[in-house]
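Examination of the molecular architecture
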Amino acid sequence: MAGIEHITVDADEAGMRLDRWFKIHYPGLGFGPLQKLLRSGQVRVDGGRVKTDARVQPGQVVRVPPLDVDAKAAKTGPIGIKDLKHSDDAELLSRMLLHEDDKVFVLNKPAGLAVQGGSGLTRHIDKMLEAWTSKKGEKPRLVHRLDRDTSGVLVVARTRGAAQKLTAAFRERDTKKTYWALVKGVPRKQDDKISTWLVKEQTEDGDRMRIAKHGDDGADHAISYYRVLETAAQSLAWLEMEPYTGRTHQLRVHALHIGHPIIGDPKYFIDDPNWDFPGGVQKRLHLHARHIDIPHPSGGRLRVTAPLPPHMVQTWNLLGLDMENGGDFE
């Protein structure tokens, strides 16, 4: 039996029901035992009594009494900011794992975790994968990328041969990547193709992509497709987006290009004094790599879907968006 704990609620957990918060932090604690602890005042939030449907906010402190070891089983569920700072590499990778076989790992990358190293980065997936080095000394290999602020499906090769085949599939565009995004406003067309030229430019805030002209130095052609899945009060739209090409920040720039930037995008969302940012929605990038369909190195197709990150689940619940409207990828 551990002693009393006082746990501070993370920013990722804003608006989360208390029973859901306990399900993530203490997966072995049943709903009935939790209710008893609440009724007796052993569980409190900021020193006060609460019910299971109370919603926690960042910075609040949850008092947790001594619990059985079983109630503190290995963590499951969404990975929060605190986990990214304090959990070890092997544990975090295991919690991200969506699919595993002898050739491939598929991870659900959390928002805020970089795929590769860069200036000022102390933790990234490429280095973390050293924890999964095989007995033969072979470290799993990245075969594609996601932006640091984008969550979702990330494919990793377990062997050199698998990496070659998977990289070729991305290069030859024999893959289908589906993203979910929440954007400002509602596009006039329900579905459309976006075709532009993009060029990278250096800014004080790091690399940024901008629309360019054909023939401009360093410009690459970029093609994306989108369709509107659902809207909220005609002020927000839930888009399904598919990048045909794989340019840096492509979907984010294309969303801005059509006048509907992705909510919470720190690089491309421009504040508009005539438009109110929706209350209760976190100012974090609402872009998620939802599904991938790719040739498996051993033959056939590999299809994997990643659950939404906590801040997007919170937004979908707040706006009353029905995830079933996203369809079934399988």
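Conventions used here
- Residues numbered from 1 in each chain as written.
- Predicted model: local features only at pLDDT ≥ 70, side-chain atom pairs only at ≥ 80, totals over all residues.
- Heavy atoms only, no water.
- Helix = DSSP H or I, 4+ residues; strand = E, 2+ residues; numbered from the N terminus.
- Buried < 20%, exposed > 50% of the residue type's maximum accessible area, 1.4 Å probe, protein only.
- Contact = heavy atoms within 4.5 Å.
- Salt bridge = Lys/Arg side-chain N within 4 Å of Asp/Glu carboxyl O.
- Pairing = 2+ DSSP bridges.
- UniProt positions renumbered as here; feature names shortened; annotations may be inferred.
- Phe/Tyr/Trp six-rings, centres within 6.5 Å; stacked < 30°, edge-to-face > 60°.
- Core = buried A, V, L, I, M, F, W, Y, C linked by side-chain atoms within 4.5 Å.
- Domains from an automatic or database assignment.
- Buried area = accessible area lost by both parts, 1.4 Å probe.
- Polar contact = N/O pair within 3.5 Å; in protein donor to acceptor, adjacent residues only side chain to side chain.
- Nonpolar A, V, L, I, M, F, W, Y, C, P; charged D, E, K, R; others polar.

On to the side chain of Thr150. Note that Thr150 resides in the loop between strand 6 (141-142) and strand 7 (151-157). Overall, the relative accessible area of 2% leaves Thr150 in the buried class. Not counting residues up to four positions away in its chain, the partners in contact with Thr150 are Lys109, Pro110, Ala111, Tyr179, Leu285, Leu287, His288 and Ala289.

Turning to the pattern of salt bridges, a few remarks are in order. Here the structure, examined in full by the defined rule, presents 17 salt bridges. A salt bridge links Arg123 to Asp89; the shortest N-O distance between them is 2.7 Å. Of the two residues, Arg123 is situated in the loop between strand 5 (104-109) and helix 5 (125-128) and Asp89 in helix 4 (residues 89-96); the sequence distance between them amounts to 34 residues. In this structure, Asp207 and Lys200 form a salt bridge, with 3.9 Å as the shortest nitrogen-oxygen distance. Overall, Asp207 belongs to the partly exposed group, its relative accessible area being 30%. Through salt bridges with shared partners, a single ionic network connects Asp174, Asp293, Arg301 and Arg303.

Attention now moves to the sheet that holds strand 2 (residues 44-45). Sheet architecture is open: three strands sit in the order 1-3-2, paired in antiparallel fashion. The open sheet terminates on both sides in strands that have one partner only, identified here as strand 1 (5-8) and strand 2. Across four bridges, strand 1 lies against strand 3 (residues 61-64) in antiparallel orientation. What sits directly across from Glu5, in strand 3, is Val64.

Attention now moves to the pairing of strand 14 (residues 301-305). Covered by surrounding structure in strand 14 are Leu302 and Val304 only, the residues Arg301, Arg303 and Thr305 on the alternate face being uncovered. Note: strand 13 (residues 287-295) against strand 14, five bridges, orientation antiparallel. Its bridge partner being in strand 14, Pro295 is matched across the sheet by Arg301. Turn length for the strand 13-strand 14 hairpin, with the two strands adjacent in sequence and antiparallel, is five residues, and the turn residue Gly299 shows positive phi of about 115 degrees.

UniProt's entry tags Asp147 with the feature "active site" (unreviewed entry), counted in the numbering of this structure. Examined against the element boundaries, Asp147 turns out to sit in the loop between strand 6 and strand 7. In this view, Asp147 contacts Lys109, His249 and Arg252; residues no more than four positions away in its chain are not counted.

A few words now on the packing of aromatic side chains. Each pair of aromatic rings is reported with the distance of its centres and the angle of its planes. Inspection of every chain in the model, using the stated rule, returns eight aromatic pairs. Centroid distance Trp21 to Phe22: 5.2 Å. Interplanar angle 75 degrees. Geometry classified as edge-to-face. An identical accessibility class is assigned to Trp21 and Phe22; each is buried. Seen in terms of ring centroids, Phe269 and Phe277 are 6.1 Å apart; in terms of plane orientation they differ by 80 degrees. Their pairing is edge-to-face.

What follows is about the nonpolar core. Formed by 32 residues in total, the largest nonpolar core has its most connected members in Met96, Leu107 and Ile125. Both of domain 2 (81-173) and domain 3 (177-326) provide at least three residues apiece to this core. Leaving out residues up to four positions away in the same chain, Met96 has contacts with Ile79, Val106, Leu107, Asn108, Lys109, Pro110, Leu113, Ile125 and Met128. Residues Tyr26, Leu34, Leu38 and Val64 belong to the second largest nonpolar core, which totals 18 residues.

Right, let's get into helix 8 (residues 310-319). Listed in full, the buried residues belonging to helix 8 are Pro310, His311, Met312, Gln314, Thr315 and Trp316. Where helix 8 is buried, its residues touch strand 8 (176-184), strand 12 (236-243) and strand 13. At the C-terminal side of helix 8, Gly320 shows a positive phi close to 75 degrees.

Let us look at the environment of Trp238. Inspection of the secondary structure puts Trp238 in strand 12. By relative accessible area, Trp238 is classed as buried at 1%. Residues Trp238 and Asp102, 136 residues apart in the sequence, show an inter-C-alpha distance of 36 Å.

Time to look at the domain arrangement of the protein chain. According to the domain assignment, the protein chain contains domain 1 (5-64), domain 2 (81-173) and domain 3 (177-326). Averaged C-alpha coordinates put domain 1 and domain 3 at centres separated by 33 Å. Contact with domain 1, which involves four residues of that partner, is made by four residues of domain 3. Counting the surface lost from both domain 1 and domain 3, the interface buries some 320 Å², and carbon and sulfur atoms represent 34% of this. When the area that domain 1 buries against domain 3 is broken down by residue, the three leading residues are Ala11, Asp12 and Ala14, summing to 90%. Our count for the contact surface shared by domain 1 and domain 3 stands at zero salt bridges. The interface formed by domain 1 and domain 3 includes two residue pairs in polar contact (both at pLDDT 80 or more). Class assignment of the residues belonging to the side of domain 1 that touches domain 3 gives a composition of two nonpolar, one polar and one charged.

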